[in-house]
Amino acid sequence: DDEVTRLGHTLNDMLAALDRALERERQFINEASHELRTPITLLTSRIQLARRRQRTEAEHERILAELQVDLDRLAGLADQLLDLGRTTARPGTGSSNLAAVAARVVEQRRLADPTRAADLSLTVPSDPVTVPVSDSEAERLLTNLVDNATLHGAAPVEVTVDRPDAG
């Protein structure tokens, strides 16, 4: 184990660490792209649908309210990306009330698609359900789950938050 061999091992370790960091960055970019694509696709399809026929002023106001929900979600995602860029905190830090986050996600989904609002139900306990993830991470996860269930599953979509058994 001479000095050159130790230096070689150190260099190999450094290159491996850089490779892992680049892979994490690629994964983050892929996930961020996916997260941004969903609200952009929703906005595009809603605008295309709105242009298909003449509408009353009230119908236009309803459509604009639905578009605002999607824009708010997109702006929230952009804010989360900026926050991630500004901080050195690792994902998975913080905690949130999963019941409150689930209620917020379900309400946003109902507002975004009022015609299918009755197809989405929510059951949560009356007490907070604290989980070891930030509000933004929990919201992102639940939004993806609800969006995928709505898109790929059959109605009704039931969102249930409960506590795992302590045993």
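The structure under discussion appears in the preceding block.
Residues numbered from 1 in each chain as written. Predicted model: local features only at pLDDT ≥ 70, side-chain atom pairs only at ≥ 80, totals over all residues. Heavy atoms only, no water.

Considering helix 4 (residues 135–152)
In an α-helix, one full turn covers 3.6 residues, which means residues spaced three or four apart are oriented alike. Taking 1.5 Å as the rise per residue, helix 4 with 18 residues should run 26 Å; its terminal C-alpha atoms sit 25 Å apart, in good agreement. Within helix 4 the residues assigned to the buried category are Glu-137, Ala-138, Leu-142, Thr-143, Asn-144, Val-146, Asp-147 and Thr-150. (Helix = DSSP H or I, 4+ residues; strand = E, 2+ residues; numbered from the N terminus. Expected span 1.5 Å × (residues − 1). Buried < 20%, exposed > 50% of the residue type's maximum accessible area, 1.4 Å probe, protein only.)

What to know about the side chain of Glu-66
Within the fold, Glu-66 resides in helix 2 (residues 57–86). Taking relative accessible area as the criterion, Glu-66 reaches 9% and is therefore assigned buried. Within the structure, Glu-66 has its side chain in polar contact with the side chain of Arg-46 (distance 3.4 Å). For Glu-66, the residues in contact, after removing those within four places along its chain, are Arg-46, Leu-111, Ala-112 and Pro-114. (Polar contact = N/O pair within 3.5 Å; in protein donor to acceptor, adjacent residues only side chain to side chain. Contact = heavy atoms within 4.5 Å.)

Considerations on the nonpolar core
Leu-98, Leu-120, Leu-142 and Val-159 are the most contacted members of the largest nonpolar core, which has 15 residues in total. When residues of this core are traced back to their parent elements, those giving at least two are helix 3 (98–112), helix 4 and strand 4 (157–160). In this structure, Leu-120 is in contact with Val-106, Arg-109, Arg-110, Val-146, Val-157 and Val-159, ignoring residues within four places of it in sequence. If you look at the next biggest cluster of nonpolar residues, it comprises five residues, including Leu-43, Ala-50, Leu-67 and Leu-74. (Core = buried A, V, L, I, M, F, W, Y, C linked by side-chain atoms within 4.5 Å.)

Structural notes on the environment of Leu-141
Structurally, the position occupied by Leu-141 is in helix 4. Judged by its relative accessible area of 51%, Leu-141 falls in the exposed class. Spatially, the C-alpha atom of Leu-141 lies 16 Å from that of Asp-70, the residues being 71 residues apart in sequence.

Focus: the pattern of salt bridges
What the rule picks out here adds up to nine salt bridges. Its salt-bridge partner being Arg-46, residue Glu-66 comes within 3.4 Å of it at the nearest N-O pair. Of the two residues, Glu-66 sits in helix 2 while Arg-46 sits in helix 1 (residues 3–50), which places them 20 residues apart along the sequence. When sorted by exposure, Glu-66 lands in the same class as Arg-46, which is buried. The partner of Arg-116 in a salt bridge is Asp-119, with the nearest N and O atoms 3.9 Å apart. One salt-bridge network, in which partners are shared between bridges, spans Arg-46, Arg-62, Glu-66 and Asp-70. (Salt bridge = Lys/Arg side-chain N within 4 Å of Asp/Glu carboxyl O.)

A word on helix 1
End to end, helix 1 covers 71 Å across 48 residues, agreeing with the expected 70 Å (1.5 Å per residue, within 8%). For helix 1, the full list of buried residues reads Ala-32, Glu-35, Pro-39, Leu-43, Arg-46 and Ala-50.

Side note on the environment of Ser-134
Here Ser-134 is to be found in the loop between strand 3 (130–131) and helix 4. By relative accessible area, Ser-134 is classed as buried at 18%. Sequence separation between Ser-134 and Leu-98 is 36 residues, and the spatial gap between their C-alpha atoms is 9.7 Å. Here Ser-136 takes part through its side chain, which lies 3.2 Å from a polar atom of the side chain of Ser-134.

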